[in-house]
Amino acid sequence: MRAEMNETSATSSVSKGCFVFKSSKKRKRHEGAGGYFGESGSESFRICQELWETVQKNTEVIQDELNKKVLDSLVEFIRKHSFGSSSAEWRLRSSEIPTAALMLGVNVTDHGMTFRSLCNLLQDSLTPFVVSVHAKECSAHDSFKKSSSQIVQNNGSAQSLPVVVIFRDFEAFNPQVLQDFILICSRYIQELPFVLIFGIATSPSAVQQRLPHSVSSLLCIKVFQSLSCTQHLASVFEKLILDPQFPFKLSSRVLQVLVGIFLYHDFSVQNFVKGLQLSMLEHFSSQPLSVLCCQKHQAMLHVKTLSQQNVERVRHLPSFMRYVESSEETCQNLLKNLHKYHKNYYPALKCLHSLTSSLPKFPLGKQIRELHVSCNEKNIWEMKEYESAMQLLRILAKDELIGALERCAEILQSPCTKKMQKVMQQVQDFITRLQNLENVSSEDPSGDGVNTSKMELQRKTDLFQLQKANGVAETLLEKETRRTKKLSQFELLRSQVMDFIDGFVREYLTPAHLQPLSEVCYYSSSGTLRQRLNVTPRTSIQTALTHPFYYLQNEVLKTDSGTISSVAPDICIAYKLHLECGRLINLYDWLEAFATVLSATEDKGGNSEEPGQVDSMTHARFIQAVSELEFLGFIKSTKQKTDHVSRLTWGGC
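Residues numbered from 1 in each chain as written. Predicted model: local features only at pLDDT ≥ 70, side-chain atom pairs only at ≥ 80, totals over all residues. Heavy atoms only, no water.

The protein carries the name Origin recognition complex subunit 3 in an unreviewed UniProt entry, which gives Danionella cerebrum as its organism. Annotation of the protein in UniProt includes, under Subunit (unreviewed entry), the sentence "Component of ORC, a complex composed of at least 6 subunits: ORC1, ORC2, ORC3, ORC4, ORC5 and ORC6. ORC is regulated in a cell-cycle dependent manner. It is sequentially assembled at the exit from anaphase of mitosis and disassembled as cells enter S phase." (UniProt positions renumbered as here; feature names shortened; annotations may be inferred.)

Before going further, it helps to examine the pattern of salt bridges. Taken as a whole and judged by the stated rule, the model has 12 salt bridges. Here Lys239 ties to Glu65 by a salt bridge, and the two come within 3.7 Å at their closest N and O atoms. Of this pair, Lys239 sits in helix H9 (residues 229–241) while Glu65 is found in helix H2 (residues 41–80), placing the two residues 174 residues apart along the sequence. Judged by relative accessible area, Lys239 falls into the partly exposed class, the value being 40%. According to the relative accessible area criterion, Glu65 is partly exposed, its value standing at 49%. (Salt bridge = Lys/Arg side-chain N within 4 Å of Asp/Glu carboxyl O. Helix = DSSP H or I, 4+ residues; strand = E, 2+ residues; numbered from the N terminus. Buried < 20%, exposed > 50% of the residue type's maximum accessible area, 1.4 Å probe, protein only.)

All right, on to a positive patch on the surface then. On the surface, Lys296, Lys336, Lys340, Lys343, Lys418, Lys419 and Lys422 cluster together into a positively charged patch. Taken together, the elements giving at least two residues each to the positive patch come down to helix H14 (328–356) and helix H18 (418–435). Take Lys422: it is sitting in helix H18. Residue Lys422 is classed as exposed on the basis of its relative accessible area, which comes to 57%. (Patch = residues over 30% accessible without salt bridge, like charges linked within 9 Å, V, L, I, M, F, W, Y side chains within 5 Å. Areas by Shrake-Rupley, 256 points an atom, 1.4 Å probe, with all protein chains shown as cover. Lys, Arg positive; Asp, Glu negative; His and termini not counted. Charge placed at Lys NZ, Arg CZ, Asp CG, Glu CD.)

Here the focus is the packing of H9 against helix H15 (residues 368–377). Orientation of H9 relative to H15, taken along the N-to-C sense of each, is 45°, at an axis distance of 10 Å. Considering their axes alone, H9 and H15 lie oblique with respect to each other. Each of Leu233, Phe237 and Ile241 in H9 lies in contact with H15, whose residues at this interface are Ile368, Arg369 and His372. Of the residues belonging to the contact of H9 with H15, the class tally is four nonpolar, one polar and one charged. (Axes fitted to C-alpha atoms, helices over the stretch in contact; angles between N-to-C directions. Parallel < 35°, antiparallel > 145°, perpendicular 65-115°, else oblique. Contact = heavy atoms within 4.5 Å. Nonpolar A, V, L, I, M, F, W, Y, C, P; charged D, E, K, R; others polar.)

This brings us to the sheet that holds strand S8 (residues 584–586). Pairing is antiparallel across the open sheet formed by three strands, whose spatial order is S8-S10-S9. If you trace the sheet from one side to the other, it starts and ends with S8 and strand S9 (635–637), each paired once. With strand direction ignored, the average angle separating the axes of adjacent strands in the sheet is 40°. In this sheet, strand S10 (residues 644–647) lies alongside S9 in antiparallel orientation, the contact comprising three bridges. Paired with Lys636 across the strands is Ser646, a residue of S10. (Pairing = 2+ DSSP bridges.)

Evaluated as defined, the whole model comprises 16 aromatic pairs. When the ring of Phe430 is compared with that of Phe500, the centres are 5.5 Å apart and the planes differ by 50°; the resulting orientation is tilted. Taken as a pair, Phe430 in helix H18 and Phe500 in helix H22 (residues 489–508) lie far apart in primary sequence, 70 residues in all. According to the relative accessible area criterion, Phe430 is buried, its value standing at 9%. On the basis of relative accessible area, Phe500 is assigned to the buried category, the value being 18%. Geometrically, the ring pair formed by Trp590 and Phe622 is edge-to-face, given 5.5 Å between the ring centres and 85° between the ring planes. With a gap of 32 residues between them, Trp590 in helix H28 (residues 587–605) and Phe622 in helix H29 (residues 616–632) connect regions that are remote in the sequence. (Phe/Tyr/Trp six-rings, centres within 6.5 Å; stacked < 30°, edge-to-face > 60°.)

Bringing unusual backbone geometry into the picture now. For Lys361, which is not glycine, the phi torsion reads 65° and is therefore positive. Summarising the element assignment, Lys361 is placed in the loop between H14 and H15. One non-glycine residue, Phe362, lies in the positive phi region at around 45°. If you trace the backbone, Phe362 turns up in the loop between H14 and H15. Classification of Phe362 by relative accessible area gives partly exposed; the value is 25%.

Below, the structure is given as C-alpha cells:
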C-alpha cells in the first residue's frame, strides 16, 4: 500500500505528462541467437545454421539446373532477333517486336528466383540494357510512359545491343498501359532492337485476352515452357529429403503437411523449402539432443561431451527404452547404426520405386515421396497395396523384368555401403542368368509341351494395356494360381527374383521411428508446423475476441463459457453481444447491452448511472468497438434500416 502511495505521489502533476519507471527486475538477456537453443545452444545453433545454408545453396543449384535449358533458349531467341541477324524470316518481319511468352505456372512465389537468374544471364552474356518491371510499379500511365521514353533516350547510342523489357506478372498489368507501351516501342523498333518477355502464370491465351488484335499483331510471339512445379519438387525432394548425407529428417506426418500445403494451396517449391527450414528451426530449438543431428564424425565427438542431463534425456527417449544403460559407447554405436540405416534405406527406397512406379494404377504411388511416406508410417509389406504390387511384378515378362533389374543396378552403382554392394552383385547375377536363358517357348523338359495359357503368359505384357483393359491383370493372376504343371526355368528364376526383392524390402525399408535415437534427427511435430504454416486468420481473430485470455494471458480475463466479462476489451464485449443477435442488429439495443456489461463493475462500487442513461465515454467506447468490428468484416451498414447493422459471420459462438 505504501508503495502504491509513493508511486501515486511520484506521478502527481498539474499538467498531463508521461512518467517512465525502471523495472526492478532485471530481464534475462540471451547471448546471441544461441540463447534460444537450450542447454547446448551455441553448438545447436551452429549446426542449424550450417544445415540452413546447405538447404539454401542446394535449392539455388537445383533451380539453376532446372531452368538452364529454358533460359539458354531465351538467350538464343534474343540473340537471333537482335540487329545484325541473318535470319531471312526475321528480315521479313522486322516491323514486329520479338516477344517471348515465358510460361512459369501458377506458383508465383517461385518466379522471382527465375527472373533474377534470367536478368543476370542476359546482362552477363548479351546486353546490359535489361529492365524487369512489376505490375504494381506500373499502375499509372504517366509513370510507365516516362520510363519507356527514358529507355529510348538512354539507349539511343547503343543501337546494336537489344533492349530487353521483362514483364514479371503479365496478367496483373493494366491492359491499357501494356497497349500504350507496345505502341510506343513499335514506333522505335527500326532504331532500337526492343525485345519483350512476358512472364505468364496461366496460359498463352492470356496475351489475346489482354491485348486487342491491333496491338498483338505488332508482336512476334514465341512460347517458352518451363518445367512444372511437381518436377521441381521431385528434384528438391531427391536432393534434400532423400539424401543420406543430409542429417536432418522429417517424419511421415510432417511430410504430409508440407506436401499437402504444396498440392492444395500454392504449388510453391520455395514455400516447401521454407517449411523445411521452419521444421529445422523448431527441431533444433525444442530438442536438446539435436546437437547430435549432424555428420557422423561430428556426432561421435558430441556424444563424448554430453552432459548428465542430456544423458538422462537419451535414456528417456521412446526408441531407447529397451536399452537399460545409456553409456557413451552405447550411444555411439546406436548413432553409427542410425547413419548406416539411412545409407541403406534410401537406395532400397529408390529401387522399390523404380520397380513399382510403372505398374498399372500405381499401387504404391507414382511419386517417390508417396512411397517414402508409406514406408515411414508402418511396415510396408503389411499393406494391401504392397501385395498387389508384388502380384503384378510376378507376372512380368522376361524383357520387362530384365529392364527393371537393370534400373535397380544403376541405382545401386552410386557409392553405397558394403551391404548395398552385395545386393548389387546379386542383382547383376540375376540379370546375367535371365539373359542366358533360351526362349521360354522352346523349353519343355518333360516333353509334354506347353499349354496355350502358358504361351500367352510368357509373351511380353504391356502393363499399361493391362490398365486399360478391365480385368486382364486379374485373369492372368487367376491363370497363374490355377496352373499345376511344372514351371519353366524362367518362371522359377522369376520367382527367385521376387523372393529376393521381398526379402530386400523387409530388411532395409523398416520405419524410421523404430530405429534407436531416431528422435535426434527426425522432426515429428506436425501439429505445430500446421499451426505455423497453414494459418486461418478468421479462426484466430474469433478466438482472440471470444477468449482474450488465450493471447493476453491475464488471469482477470478468465471466464466460463457463455459469460461476458466486464473487464474484457471493449471489442471483445461488443463481439460477444453481437453473437446473440440475428441477421440485423439494432444499434440502440446493442449500446444498452454494452453499457449494462460495463456498469457491472461500477455497480459493485455504488457509482452506477441512472437506468436508461449512457455517459459520453461509454458511448465513445461503443462507437470505437463497432467501427473495429466493421473494419474486421463482422458487420456492415445496411440500407434497410438506418439504425441497424447487418451481421456477416455465423458459427463463431
